[in-house]
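Commentary on secondary and tertiary structure
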Number of protein chains: 2
Amino acid sequence: MNDVAKLAGVSQPTVSRVLNSDSISVHISDETKERVMDAVKTLGYRTNVMARGLRTQRSQLIAIMIADISNGFYHLIVRAVQDVAREHNYEVLISNSDHVYENEKHFCEVVLDRGVDGVIMVPIHLISYDDLDPYLSQTDIPFVVLGQHVDHPEVDKIFVDDEKAIYEATLWLIHKGGHQNIGYVGVPDFQPAGPRRFRGYRRALEESGLPFNPAWCYSEGDFTREGGAKAIKRLHETGTMPEALIVLNDLMAIGAILALQELGYNVPEDVAVIGFDDIPEATIVRPKLTTIAQNPREIGTNLANALFQRIEHPRTTRRNIESSYKLIERDSTRRKT
Amino acid sequence: MNDVAKLAGVSQPTVSRVLNSDSISVHISDETKERVMDAVKTLGYRTNVMARGLRTQRSQLIAIMIADISNGFYHLIVRAVQDVAREHNYEVLISNSDHVYENEKHFCEVVLDRGVDGVIMVPIHLISYDDLDPYLSQTDIPFVVLGQHVDHPEVDKIFVDDEKAIYEATLWLIHKGGHQNIGYVGVPDFQPAGPRRFRGYRRALEESGLPFNPAWCYSEGDFTREGGAKAIKRLHETGTMPEALIVLNDLMAIGAILALQELGYNVPEDVAVIGFDDIPEATIVRPKLTTIAQNPREIGTNLANALFQRIEHPRTTRRNIESSYKLIERDSTRRKT
């Protein structure tokens, strides 16, 4: 800044005033401004935002933490967040937690330390008040999360009622698909989506007076194709393959379909399969995957809009916004004729 | 910091010395240190790294810019970079350029401003000396890039010889597959991978004495499934479908296969297809995709290792490191019998 002042022939405070034009209270002539800006250009001077951040408290940067960079569901969320952010002239930095608790906590520490202006998270484990409060109580920056299970009064929440979605999809398999032996491929209970979605499945069976058979259920999935393949291997080995499967997400559903086919089962004739998410791969696999489509673009837009509303109006009341879903019928299921 | 000093009953400089233990020159007793750390714990005091960054010049943060978050090739690169970074106790922030020049430039501005300790980029457009120098000349932080076409002496480069890879794959289609009418699906010339890979295809045809037919080539792809589908539509409409296709990347190759099947062509009997990358979807599509596998884990590890070597030893000579590739034969091509 000193060099700029010298070259422009003005004082250092004048350079500072011109560069931080938001806070100008002293009048500075256009000619002086021009001289300073010319000197800045000549010297390639770059305002040090780390120093500037200490004064203005604005970084023009938001951060989003997603759970799995290889899951297409998150790509559309990120794209939608980027689109909103660019309208506000903000850059988005992404962090990938890989569903790991330690990574989620490390992310929070980093974003608090780096002074970003807002945070969007899809937390898998960091969801209790006790876990979140150490971060939230230390900062004024807004946090917006995806997930109704997140328990802290200071966050805005966007959520999808996935229990209801799975409940409805199971009823659809029963009534439209004509299935009675319906199995389930899920994830362990410590993953929040696990118990919720499983409840939707159980409730639909109960209300329809259908038997629940633990041998048709696999709850050790990990959201990946490999997890879906392992589930099928287990069901096949124990000789208890149901005639239809509700699978907790699309990547596992696709892994399940490919594994079924390798073992000689026909989909949907021998086993019908329903997934959850509607990721791009759902229309690559054959048969194409019937799935509960979330609306990741709507989710991402809601997340980003909620965040920027809080960035611009910090006192906005915290909100819970429900996002839509719908069953998309493709070829991995068949209707009773 | 004032509150911590009060609670611990010590002076503010003492608190500062304990917290910045790297630079302790004055002796401080263990008992005092303990008292300060207890006070820090009680008050939930968080060192402001924006302020600390001004002193230590270390953020424990690196940034990586990828070209397309929905392309699986980049996911494995990011995972490998994260693995190396976590060994060094660094966090990785990701930026998604969507192949857009403005986004690439904006990324550079943001990372220079935010004081990250190192940058990894997969630049698509920001590759000339004139474009890169305004950023690189202003900073001491190391830049490591993927791509041999990047023209700046201050960057380390990891690259794959994709011209040679396509050349060899084309020869393989000719000699092992027995094909003579081989077409090409690429991207426009302003995308650096475009001319390079196209040259590999042309050279193999020439050396084999085979005809080059512009009507079999499509160069308006955009790396996406939709781009591959559009190429097939064009070739079909003009009535010039070749018997084999080299496709510049896997996502377009998969779009091409699905579009061919919808139009009634059999793959590989009517049209053989080879892709490039070996993304996870290559084994979801049926027939499974024959492709030139890059080794994204090796690429990511090389990128990160080169970066941390420069972070820790800034005077390390800049390097060009070639990464491997290999043809993986699956079902979308067939061998001459």
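Residues numbered from 1 in each chain as written. Chains lettered and ligands numbered in written order. Predicted model: local features only at pLDDT ≥ 70, side-chain atom pairs only at ≥ 80, totals over all residues. Heavy atoms only, no water.

Per an unreviewed UniProt entry, chain A is named LacI family DNA-binding transcriptional regulator, and its organism is Phototrophicus methaneseepsis.

Time to look at the overall build of chain A. The helix and strand tally for chain A stands at twelve helices and twelve strands. At 26 Å, chain A has a C-alpha radius of gyration far larger than the 20 Å of a compact globule built from 337 residues. For chain A, the spread of C-alpha atoms along the three principal axes comes to 85 × 35 × 30 Å. Counting every position in chain A, which comprises 337 residues, the buried fraction comes to 55%. When the accessible surface of chain A is summed, it comes to about 14,300 Å², and 47% of that surface belongs to carbon and sulfur atoms. (Helix = DSSP H or I, 4+ residues; strand = E, 2+ residues; numbered from the N terminus. Rg over C-alpha atoms; globule rule 2.2 N^0.38 Å. Buried < 20%, exposed > 50% of the residue type's maximum accessible area, 1.4 Å probe, protein only. Areas by Shrake-Rupley, 256 points an atom, 1.4 Å probe, with all protein chains shown as cover.)

Residues and elements named next belong to chain A. Packing of helix H8 (residues 162-175) against helix H9 (residues 193-207) leaves a shortest axis separation of 7 Å and a crossing angle of 35°. Along this stretch, H8 crosses H9, giving a crossing that reads as right-handed. Seen from H8, the contacting residues are Asp162, Glu163, Ile166, Tyr167, Thr170, Leu171 and Ile174; seen from H9, they are Ala193, Arg196, Arg197, Arg199, Gly200, Tyr201, Arg203, Ala204, Leu205 and Glu207. Residues that form the contact of H8 with H9 fall into these classes: eight nonpolar, two polar and seven charged. (Axes fitted to C-alpha atoms, helices over the stretch in contact; angles between N-to-C directions. Left-handed = near helix turned anticlockwise from the far one by under 90°. Contact = heavy atoms within 4.5 Å. Nonpolar A, V, L, I, M, F, W, Y, C, P; charged D, E, K, R; others polar.)

Taken as a whole, chain A shows an average pLDDT of 88; of its residues, 91% reach a score of 70 or greater. Prediction confidence for the complex, expressed as pTM and ipTM, is 0.79 and 0.76 respectively. (pLDDT = per-residue confidence, 0-100.)

In the superposition of chain B on chain A (RMSD 0.1 Å, axial shift 0.1 Å), the rotation amounts to 180°. Both copies are brought into coincidence by an operation consistent with a two-fold rotation axis. Rotation axis and chain B: the residue whose C-alpha lies nearest the axis is Ile94(B), separated from it by 2.4 Å. Interface overlap between copies is the fraction of interface residues in one copy that are interface residues in the other; for chain B against chain A it reaches 100%, indicating a shared surface. (Least-squares fit on C-alpha atoms with pLDDT ≥ 70 in both.)

Turning to the pattern of salt bridges, a few remarks are in order. All names here are of chain A. What the rule picks out here adds up to 32 salt bridges over all chains. Between lysine 105 and glutamate 102 there is a salt bridge, with the nearest N and O atoms lying 3.9 Å from each other. You can see lysine 105 and its partner glutamate 102 sitting in helix H6 (residues 101-114), three residues apart, about one turn around the helix. Among the residues examined, lysine 105 registers a relative accessible area of 23% and is labelled partly exposed. One salt bridge connects arginine 318 with glutamate 154, and the closest N-O pair in it is separated by 2.8 Å. In this pair, arginine 318 sits in the loop between helix H12 (296-312) and strand E11 (320-322) while glutamate 154 sits in the loop between strand E4 (143-146) and strand E5 (156-159), placing the two residues 164 residues apart along the sequence. (Salt bridge = Lys/Arg side-chain N within 4 Å of Asp/Glu carboxyl O.)

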